[in-house]
Amino acid sequence: MPPQHEWLEKDFYKVLGVKSGAEEKEITKAYRKLARQYHPDANPGDTKAEERFKEISAAYDVVGDADKRKEYDEVRRLGPVGGFGGSGFGGAGGARGFGPDTGMGGGRNFSFDGVDLGDILGGVFGGGRGQQRRPTSQASKGEDLEAQLHLSFEESVSGVTTSVHLTSDASCETCAGSGSKPGTKPQACSRCGGRGVLDDNQGLFSLSQPCPQCAGRGQVVTDPCTNCRGTGVERRPRQVKVRIPAGVKDGQRIRLKGRGGPGMSGGPAGDLFVVVSVAAHDVFERAGNNLTVTVPISFAEAALGTKVSAPTIDGNSVTLKVPAGTQSGRTFRVKERGVATKKKTGDLLVTVQVEVPTELTDEQRAAVEALAASFDSSSSRSES
C-alpha cells in the first residue's frame, strides 16, 4: 500500500497507544516499551510479534519525527479531499486551475478547492518528479530520567559534590550499545542497502517507507549480544556524580545533560533531572536567600537593653545590640550572613523572643510584685 494511503488509513498514534496530542517524550517512551516487548530477538520464531514490531517501528518512524508528524497530521486532517482519495486529484469539487495552462511538469503552482497542492505535496513528498524526499535518520534521543537527592540543610546552603544512585536503562556494557556480540558488528541491511527505507516510485512522486527487514534502522544484528539480546540496552544500577550549587532550594530540579537513558540507533542520550529534597534544620529556617533564627531574651533584658549572641550557618556567631524597651518578636537584620548564590547573598534575620519564667523564687516573686505595684502607682498618678 502506498505510504500516502497508509497515512490516511492507519492511526499511528493508536498503534503506539498514545493520544494524537501526546508530547514527543511520551511517544518515545511508548515506542521503546513496545519495541522491547515485541523485538524479534526477544520473540524468536513468533511471526505475530515480528509483524507487530514492524507496525510499531513504522508508526514511530512517522510520529516520532517532528517533521513527518506534522505532515502526517496535516494529511489526516485534509483526508481524501486533500488530494489522496480516489484516482488522480479529482476529489470533491474538482481541481481549479488544473489544465493545459497549469503545466503539471512546468513547476507552476496549482490549487485544489483553495488548497495549494504544490505546498502540501511538496512538503509531504519533497516536490515533483526527480525531487524525492529523503527520510530522516532513525536515531532518536534517549529517555529523560529523574532521581531524588536528599541533602542536609547545611549542604543546600554551601553546595556539595555527591552522587545519585538509580536503576535505569543504560548502554549495554558487554557490547557498548551496538547490540552485537563483542568482536562482531551490525551489518548493513541487504534489502535497503543500509538506508533504513525503501522507495516506492509512484510516477509523479517517489515515496519512501521504513524497511521492514531492519525496521528502519539500516543495520541488522546478525550475531546478537548474549547480555542484551541484541537491543544494545540493559537495565542496571548506576551511580552519577552531580555537583549541587550553593543555595539550592527544596524541590529544585537540576538538569544533567546526557546522563539519562541511552539513545536509540546512535541517537544522543537523554537528560537526568535531579530533584533535591532538603532536610529541616534545628535552628535555622529559610526565606528566599535569607536565613531566619529566633534568639530568646529575658524580660529584664528586653526592658533594660542588652547584647545577645546569634548563631550563623557557618558555625560562628554575631553580636547584636538589643535596645531598651524591645518588644518580643522584633527582628534584627544582619547583612549578607544568609544564603550566598551566584546572583545574590541573603541576610540573617534574628528575631528576639521574650521568655516568661514558669517558676519564680519568693525573692523573684516579691520583686515582680513590687514592679507591678510601681506600674500601678505610676498609672494612678497619671490619671489624677
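Whatever comes next refers back to the structure up there.
Cut-offs and rules
Residues numbered from 1 in each chain as written. Predicted model: local features only at pLDDT ≥ 70, side-chain atom pairs only at ≥ 80, totals over all residues. Heavy atoms only, no water. Phe/Tyr/Trp six-rings, centres within 6.5 Å; stacked < 30°, edge-to-face > 60°. Helix = DSSP H or I, 4+ residues; strand = E, 2+ residues; numbered from the N terminus. Buried < 20%, exposed > 50% of the residue type's maximum accessible area, 1.4 Å probe, protein only. Pairing = 2+ DSSP bridges. Axes fitted to C-alpha atoms, helices over the stretch in contact; angles between N-to-C directions. Salt bridge = Lys/Arg side-chain N within 4 Å of Asp/Glu carboxyl O. Parallel < 35°, antiparallel > 145°, perpendicular 65-115°, else oblique. Contact = heavy atoms within 4.5 Å. Nonpolar A, V, L, I, M, F, W, Y, C, P; charged D, E, K, R; others polar. Polar contact = N/O pair within 3.5 Å; in protein donor to acceptor, adjacent residues only side chain to side chain. Core = buried A, V, L, I, M, F, W, Y, C linked by side-chain atoms within 4.5 Å.

## Considering the packing of aromatic side chains
In step 1: With the rule as written, the count across this model stands at 3 aromatic pairs.
In step 2: On the numbers, 6.0 Å between centres and 55 degrees between planes, the contact of Y13 with Y72 is tilted. You can see Y13 sitting in helix α2 (residues 12–16) and its partner Y72 sitting in helix α5 (residues 66–78), a full 59 residues away along the chain. Taken as a pair, Y13 and Y72 share a single burial class, namely buried.
In step 3: Arranged with centres 4.0 Å apart and planes meeting at 5 degrees, the rings of Y31 and Y60 form a pair that is stacked. Of the two residues, Y31 is situated in helix α3 (residues 24–38) and Y60 in helix α4 (residues 47–63); the sequence distance between them amounts to 29 residues.
In step 4: Judged by its relative accessible area of 6%, Y31 is buried.
In step 5: Grouping aromatic residues by their ring pairs yields a cluster made of F12, Y13 and Y72.

## Some words on the sheet that holds strand β12 (residues 285–287)
In step 1: The 4 strands lie next to each other as β12-β13-β17-β16, forming an open sheet whose pairing is mixed. Looking at strand neighbours, the two that pair on one side only are β12 and β16 (331–334), the edges of this open sheet. Neighbour-to-neighbour, the strand axes of the sheet open up by a mean angle of 35 degrees, direction not taken into account.
In step 2: Inspection of the sheet shows β16 paired to strand β17 (residues 348–355) by 4 bridges, in the antiparallel sense. Note on β17: the bridge partner recorded for V334 is L348.

## With respect to the pattern of salt bridges
In step 1: Enumeration according to the criterion identifies 16 salt bridges in this entry.
In step 2: A salt bridge links E234 to R236; the shortest N-O distance between them is 3.1 Å. The same class applies to E234 as to R236, namely buried.
In step 3: Note that R333 and D347 form a salt bridge whose closest N and O atoms lie 2.9 Å from each other. Of the two residues, R333 sits in strand β16 while D347 sits in the loop between β16 and β17, which places them 14 residues apart along the sequence.
In step 4: Residue classification places R333 among the partly exposed positions, given a relative accessible area of 49%.

## Notes on the packing of α4 against α5
In step 1: Where α4 meets α5, the axes come as close as 6 Å, and the angle between the chain directions of the two elements is 95 degrees. By the criterion of interaxial angle, the relationship of α4 to α5 is roughly perpendicular. Residue-level inspection shows D61, V62 and V63 of α4 in contact with α5, the latter providing K68, R69 and Y72.
In step 2: When the residues that make up the contact of α4 with α5 are grouped by side-chain class, the tally is 3 nonpolar, no polar and 3 charged.

## Re the sheet that holds strand β11 (residues 272–278)
In step 1: Taking strand neighbours across the sheet as the criterion, the 3 strands line up as β3-β11-β10 in an open arrangement whose pairing is mixed. Two strands close off the open sheet at either side, each with one partner strand: β3 (145–151) and β10 (253–256). Averaged over neighbouring strand pairs, the angle between their axes works out to 30 degrees when direction is ignored.
In step 2: Note: β10 against β11, 4 bridges, orientation antiparallel.

## Some points on the side chain of E234
In step 1: The topology assignment puts E234 in strand β9 (residues 233–244).
In step 2: Here E234 falls in the buried class, since its relative accessible area comes to 14%.
In step 3: Engagement of the side chain of E234 in a polar contact is seen with the side chain of N227, the distance being 2.9 Å.
In step 4: Polar side-chain contacts of E234 include one of 3.1 Å to the side chain of R236.
In step 5: Setting aside residues up to four positions removed in sequence, E234 forms contacts with S168, D169, A170, S171, C172, E173 and N227.

## Remarks on the nonpolar core
In step 1: Core analysis: the biggest nonpolar cluster contains 36 residues, and V164, I244, L272, V274, L348 and V350 have the highest contact counts within it.
In step 2: Contacts of L272, omitting those with residues within four sequence positions, involve L145, E146, A147, V164, L166, V240, I254, R255, L256, R259 and G260.
In step 3: Counting residues in each nonpolar core, the second largest holds 22 residues, with W7, Y13, L16 and I27 among its members.

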